[in-house]
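# Structural features, examined
Now for the letters of each chain:
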Amino acid sequence: MKIMMWNIRGAASKSTIRTLKELQNQKKPDLTILVETKCSGNKGREVIKAMGFNHAIVEEAVGFVGGIWILWKNDDLKIKVMSTHKQFVHMKIENNQRRTWSLMAEINASLLNMKVADAVLENGEWNLEFLRELIPEDKILKITACHPPKESLGEDKIMWSPSEDRNFTVASAYKTLSQANENQDQTWNLIWKWKGPQRIKCFMWLATQNKLMTSERRQKIFGANPNCHRCPNNPETLLHTLRDCTEASRIWRQLVKPSHITTFYRAPFETWIRWNLTVEIGANAQPWLKREERDNHPETIIRSISQLIQRDWNVKLCHTYREGNKSADWLAKESLQACLGFHFIDTMPTGLRNIIDDDARGVSLPRFIIDF
Ligand SMILES: [Zn+2]
């Protein structure tokens, strides 16, 4: 649909009528809206006829001020006026294919200058039809919960709604602002109370603050490629890296209960993190248990030792026969039966005491080495 709108600043002069006719021939608009026509009554009707229109909606000018004309030629165009005001005409348009539009023709950004009273009908009730065209239903519910303005209720005053006495206080402003952050606080508390390694807590917190350097974020800063290097057609967002990427998803699908899979993949990021921390979503711990068993294997321990040696420090390795330091040998063997993690032994185990006592008494344990 083609609409021509012109702030004409006086429609009655012959030259204006001629210019408008020329524009009509060139642009062929379906609807022409003229504002600030500055003429009204019979004079206005004559001008409209001279312009060649056979349909018109007119919000009359007050003397020589304002005036809005909605003009069209096509008989198939049906226009219903929803509400009018000296500064705007609000209408519903339907064409011959039964498509509808809502249109507001206005002067001087009238909505900005509108008063609450303009949304009230003559009978004192809210003009709901008018409000529904402008604002969403949830806001209308809030508006209708208030009384429409009435002169008998006194003059309008500016008030601060968070305070009970409607006067502004810093405390109430602080309270309102902290409530706004409540969701984030909840996430923070969940991460803080989560029983797991500190570095993973930090990682989760950075993720919720969107501080992880994903390709998408890097692109915003440095203009690099925003896509994931594993699945090149997808931008590497936070959720992609942690959940949706084919590699991450392969692991999640082994861990998350099938009944939770749909919700798991649909949740937005923050909800997803909170959900992970509060709901029991795991299918079984089997894959990780196997890993733990493997971690106890001497081969894994030797690999860990060699990795530790390669760190940036000086390490001196000395070889001594197990009989040369029987206590260390005993502790090493004992550790194979203990669960994974750091163990602090604060009382001497009986097995170790005997070895130390023997040592103190000077018991020698020669080792027979057979040389071939
Ligand atoms: Zn990916």
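Since the model is a prediction, treat every value here as computed from it, not as a measurement.

## Focus on the overall build of the protein chain
Along its length, the protein chain carries 17 helices and seven strands. Within the protein chain, buried positions represent 9% of all 372 residues. In the protein chain, the share of contacts with a sequence separation of at least 24, taken over all contacts with a separation of at least 6, comes to 48%.

## Considerations on unusual backbone geometry
Residue Glu36 is not a glycine yet carries a positive backbone phi of 55°. Along the chain, Glu36 turns up in the loop between β2 (31–35) and α2 (41–51). Here the phi dihedral of Arg166 falls at roughly 65°; this positive angle occurs in a residue that is not glycine. A count of 11 C-beta atoms within 10 Å places Arg166 in the exposed class.

## Quick notes on the sheet that holds strand β6 (residues 88–94)
The strands that make up a sheet pair up through hydrogen bonds in the backbone, lying either parallel or antiparallel. Strand order in the open sheet made by the three strands is β5-β6-β7, with antiparallel pairing throughout. Each of the sheet's edge strands pairs with one partner strand only, and the pair in question is β5 (78–85) and β7 (100–106). Between one strand and the next, the sheet's axes are offset by a mean angle of 20°, whatever the strand orientation. Note that β5 and β6 share seven bridges and pair antiparallel. Within the sheet, the bridge partner assigned to Lys80 lies in β6 and is Lys92.

## Re the confidence of the model for the protein chain
Of all residues in the protein chain, 89% attain a pLDDT of 70 or more, and the chain-wide mean is 81. Ranking the elements of the protein chain by mean pLDDT puts helix α14 (residues 286–295) last with 50 and helix α10 (residues 238–244) first with 92.

## Examining the sheet that holds strand β3 (residues 55–59)
Read from one edge of the open sheet, four strands run β1-β2-β4-β3, paired in mixed fashion. Strand pairing shows two members of the sheet lacking a second neighbour, β1 (3–7) and β3, which therefore form its edges. Looking at each pair of strands side by side, their axes are set apart by 10° on average, direction ignored. Pairing geometry for β1 and β2, over five bridges, is parallel. Its bridge partner lying in β2, Asn7 is registered against Val35.

## Some details on the nonpolar core
Nonpolar side chains tend toward joint burial in soluble globular proteins. Counting 21 residues, the largest nonpolar core has Leu34, Ile70, Leu71 and Ala105 as its most contacted members. With five residues, the single largest contributor to this core is strand β4 (residues 68–72). With residues up to four places along the chain from it excluded, the contact list for Ile70 reads Leu31, Ile33, Ala56, Ile57, Ile79, Val89, Met91 and Ala105.

## Re the environment of His90
As for its placement among the helices and strands, His90 is situated in strand β6. On a C-alpha basis, the gap between His90 and Lys80 in space is 8.8 Å, while along the polypeptide they are ten residues apart.

## Brief notes about the pairing of β4
Extensive coverage of β4 is indicated by the burial of five of its five residues. The alternating pattern of β4 places Ile68, Ile70 and Trp72 and Trp69 and Leu71 on opposite faces, both of which are buried. Pairing geometry for β2 and β4, over four bridges, is antiparallel. Bridge pairing in β4 links Leu34 to Trp69. Relative to β4, β3 is paired through five bridges, and the arrangement is antiparallel. Following the sheet pairing, Ile57 is matched in β4 by Ile70.

## Brief notes about the packing of helix α16 (residues 326–335) against helix α17 (residues 350–361)
The relative placement of two packed helices is expressed as an angle between their axes plus a distance between the axes. One can describe the packing of α16 onto α17 by two numbers: an axis separation of 9 Å at closest approach and a directional angle of 165°. Here α16 lies roughly antiparallel to α17, going by the angle between them. When the axes of α16 and α17 are compared, the crossing they make is right-handed. For the pair formed by α16 and α17, the contact residues are Lys326, Ser327 and Trp330 on the first element and Gly351, Leu352, Ile355 and Ile356 on the second. Its residues placed into classes, the contact of α16 with α17 shows four nonpolar, two polar and one charged.

## Some words on the packing of helix α1 (residues 14–27) against α2
The interhelical angle for the contact between α1 and α2, taken along N-to-C directions, is 40°, at an axis separation of 9 Å. When the interaxial angle is binned, α1 and α2 end up oblique. Crossing hand, α1 versus α2: right-handed. For the pair α1 and α2, contact is made by Ile17, Leu20 and Lys21 and by Val47, Ala50 and Met51, respectively. Taken together, the residues of the contact of α1 with α2 sort by class into five nonpolar, no polar and one charged.

## Points about α17
Counting along an α-helix, one turn takes 3.6 residues, and residues three or four places apart therefore face a common direction. Between its terminal C-alpha atoms α17 stretches 17 Å, which fits the 16 Å expected from twelve residues at 1.5 Å a residue. Along α17, only zero of the twelve residues are buried, which leaves the element largely exposed. Just past α17, the residue Gly362 takes up positive phi, approximately 85°.

## Some details on the environment of Asn354
Take Asn354: it is sitting in helix α17. The exposure class of Asn354 is exposed, given the 12 C-beta atoms found within 10 Å. C-alpha separation for the pair Asn354 and Ser327, spaced 27 residues apart in sequence, amounts to 9.6 Å.

About the cut-offs
- Residues numbered from 1 in each chain as written.
- Predicted model: local features only at pLDDT ≥ 70, side-chain atom pairs only at ≥ 80, totals over all residues.
- Helix = DSSP H or I, 4+ residues; strand = E, 2+ residues; numbered from the N terminus.
- Buried ≥ 20, exposed ≤ 12 C-beta atoms within 10 Å, placed from the backbone.
- Contact = placed C-beta atoms within 7 Å.
- Pairing = 2+ DSSP bridges.
- Axes fitted to C-alpha atoms, helices over the stretch in contact; angles between N-to-C directions.
- pLDDT = per-residue confidence, 0-100.
- Core = buried A, V, L, I, M, F, W, Y, C linked by C-beta atoms within 7 Å.
- Parallel < 35°, antiparallel > 145°, perpendicular 65-115°, else oblique.
- Left-handed = near helix turned anticlockwise from the far one by under 90°.
- Nonpolar A, V, L, I, M, F, W, Y, C, P; charged D, E, K, R; others polar.
- Expected span 1.5 Å × (residues − 1).

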